[in-house]
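Chain by chain, the residues run as shown.
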Amino acid sequence: MAGSAGGAAPGRRRGAPAGGVSPAPTDPGRRAWTGRVGMNRLAVVWPTLRATRQAPLLGAMAAGLAIVTVPAALSVTLSPDNLATLLRLGVACAAVGLAFLFDDPAKPTTATAPAPAWHGIAIRTTVATTAMALWWAAAIAITRAGAQEGTGDHLPLPGLTLEASVLGAVAVAAAVVAWRFTPRGIVSPTAAPVVLVVVAALAFAPRRLSVFVSVTSPDWDAAHHRLAALLTCCLAVTLAAATLRPTSRGRSTAGDTALPDRAGSRG
């Protein structure tokens, strides 16, 4: 009777609530470790941004804008197909420039950095995505503003935006894969030609596999279904190459941050 009146109930820790759910134990060591990991992740943002090769990207994007700007500045009437072709050529130039963002000469010296290696990839991918989106918005604005007789209003912008997204994703996927298998971290000599080869392959693909079709073609929807599948593949390849890496038995992967062994530290 004493146990039921004044003592703690069997099977329940003293001080635990009546519902049997104990409050989460406070662990200052875990909280401190989590804070250090967060600071380490933030600490790589600015150095990564400073290390990106911006000049080749800006040059490639300027060349792409010139392709759509010069015809827009002239008093010529271009059909929607002509405008779409100019946009595709400009996107190809911009996509080649994205590959240079992933050049990382400091890769051999950052193999033991406290932040995982994919953090740098994520930062560069974010910069590439933002730059490509801004470039595409400018290219569309210039094309539509310079189009004569309202031909710019007949451009199928959702489909053309999907095409631009695919070429950008191809560039990012090629660069990330090259970064994964290039010890020195210089990926543009490999990734940029891959982008050009993929663009040429898509442009000269047989009709049943073609993706760059006329804006009035009956194959427009089928071509863009193929492009959507290609975009999905590029995203999957990028994710796999950025996060999956070989590990050696008994060694931690470069860039991983391990939780300290608190049990061993107590002992």
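Numbering of residues starts from 1 in every chain and runs along the sequence as written. A pLDDT threshold of at least 70 governs which residues receive local features in this predicted model, and a stricter bar of 80 or more applies before side-chain atom pairs are shown or counted, although totals over entire chains, interfaces and linings include all residues. Only hydrogens and water are set aside when side-chain values are computed; all heavy atoms of the structure are taken into account.

(A) Quick peek at the overall build of the protein chain. In this text, helices come from DSSP runs of H or I with a minimum length of four residues, and strands from runs of E with a minimum of two, each type numbered from the N-terminal end. In terms of regular secondary structure, the protein chain is built from 10 helices and zero strands. The order of helices and strands in the protein chain, counted from the N terminus, is α-α-α-α-α-α-α-α-α-α. Where accessible areas are quoted, they stem from the Shrake-Rupley method and a 1.4 Å probe; at the residue level, only the protein chains shown are allowed to cover. Total accessible area computed for the protein chain in this model is approximately 15200 Å², and 66% of it derives from carbon and sulfur atoms.

(B) A look at the nonpolar core. The biggest cluster of nonpolar side chains holds 59 residues, and the ones touching the most others in it are M61, L87, L98, F102 and W136. When residues of this core are traced back to their parent elements, those giving at least two are helix 4 (54-73), helix 5 (80-99), helix 6 (117-146), helix 7 (157-181), helix 8 (188-203) and helix 9 (220-243). Note on contacts: a residue pair is in contact if any heavy atoms of the two residues lie within 4.5 Å. Discounting chain neighbours no more than four positions away, the residues touching W136 are L87, V91, L160, T161 and A164. As used in this record, nonpolar core signifies buried Ala, Val, Leu, Ile, Met, Phe, Trp, Tyr and Cys residues forming a set joined through side-chain atoms within 4.5 Å. Throughout this description, buried means an accessible area under 20% of the type-specific maximum (1.4 Å probe, protein chains only), exposed means over 50%, and partly exposed covers the range between.

(C) Representation of the confidence of the model for the protein chain in the model. This prediction gives the protein chain a mean pLDDT of 78; 69% of its residues lie at or above 70. pLDDT under 50 marks residues 31-39. Its contacts with residues more than four places away, or in other chains, come to seven contacts. The score called pLDDT rates the predictor's confidence residue by residue, from a low of 0 to a high of 100. A low-confidence stretch, residues 246-267 stays under pLDDT 50, and its non-local contacts, those more than four residues away or across chains, total 26 contacts.

(D) Structural context of the pattern of salt bridges. One speaks of a salt bridge when a side-chain nitrogen belonging to Lys or Arg is within 4 Å of a carboxyl oxygen belonging to Asp or Glu. Summed over all chains, the structure comprises four salt bridges. The shortest N-O distance in the salt bridge between R124 and D104 comes to 3.5 Å. Of this pair, R124 sits in helix 6 while D104 is found in the loop between helix 5 and helix 6, placing the two residues 20 residues apart along the sequence. You can call R124 buried: its relative accessible area is 5%.

(E) Structural context of helix 4. With 20 residues, helix 4 ought to run about 28 Å at 1.5 Å a step, and its terminal C-alpha atoms sit 27 Å apart, in line with that. If you check which residues of helix 4 are buried, you get L57, A60, M61, G64, V68, P71 and A72. Given a helix with a known number of residues, its expected span is that number minus one, times 1.5 Å.

(F) Main features of the packing of helix 7 against helix 8. In this analysis an axis means a line fitted to C-alpha atoms, helices contributing only their contacting stretch, and an angle means the value between N-to-C directions, from 0 to 180 degrees. It is the contact of helix 7 with helix 8, at a shortest axis distance of 9 Å, that shows an interaxial angle of 145°. Of the two possible hands of crossing, helix 7 and helix 8 adopt the one that is right-handed. Contacts between helix 7 and helix 8 involve L167, V170, A171, A174, A175 and A178 from the former and T190, A191, V194, V195, V198, V199 and L202 from the latter. Helix crossings get a hand from a simple test, with the near helix turned counterclockwise from the far one by less than a right angle marking a left-handed crossing and a clockwise turn marking a right-handed one.

(G) Spatial organisation of a nonpolar patch on the surface. The grouping of V70, L74 and V76 at the surface amounts to a nonpolar patch, some 230 Å² of accessible area in total. Along the chain, L74 falls in the loop between helix 4 and helix 5. Since its relative accessible area comes to 45%, L74 is described here as partly exposed. Two joining distances apply to patches: 9 Å for like charges and 5 Å for nonpolar side chains (Val, Leu, Ile, Met, Phe, Trp, Tyr), and every residue must have over 30% relative accessible area and no salt bridge.

(H) Examining the packing of helix 4 against helix 5 more closely. Put simply, helix 4 and helix 5 touch, their axes get as near as 7 Å, and they point 175° apart. Taken together, the axes of helix 4 and helix 5 lie roughly antiparallel to each other. Packed against helix 4, whose contacting residues are P56, L57, A60, M61, G64, I67, V68 and P71, the element helix 5 presents L86, L87, L89, G90, C93, A94, G97 and L98 at the interface. A per-class count over the contact of helix 4 with helix 5 returns 13 nonpolar, three polar and no charged. These descriptions rest on fixed angle ranges, namely under 35 degrees for roughly parallel, over 145 for roughly antiparallel, 65 to 115 for roughly perpendicular, and the rest for oblique. Only Asp, Glu, Lys and Arg are considered charged in this grouping, and only Ala, Val, Leu, Ile, Met, Phe, Trp, Tyr, Cys and Pro are considered nonpolar; every other residue, Gly among them, is considered polar.

(I) Fine view of the environment of A133. Here A133 lies in helix 6. Look at A133 and you get partly exposed, because its relative accessible area is 46%. Sequence separation of A133 and G168 is 35 residues, and the distance between their C-alpha atoms is 9.6 Å.

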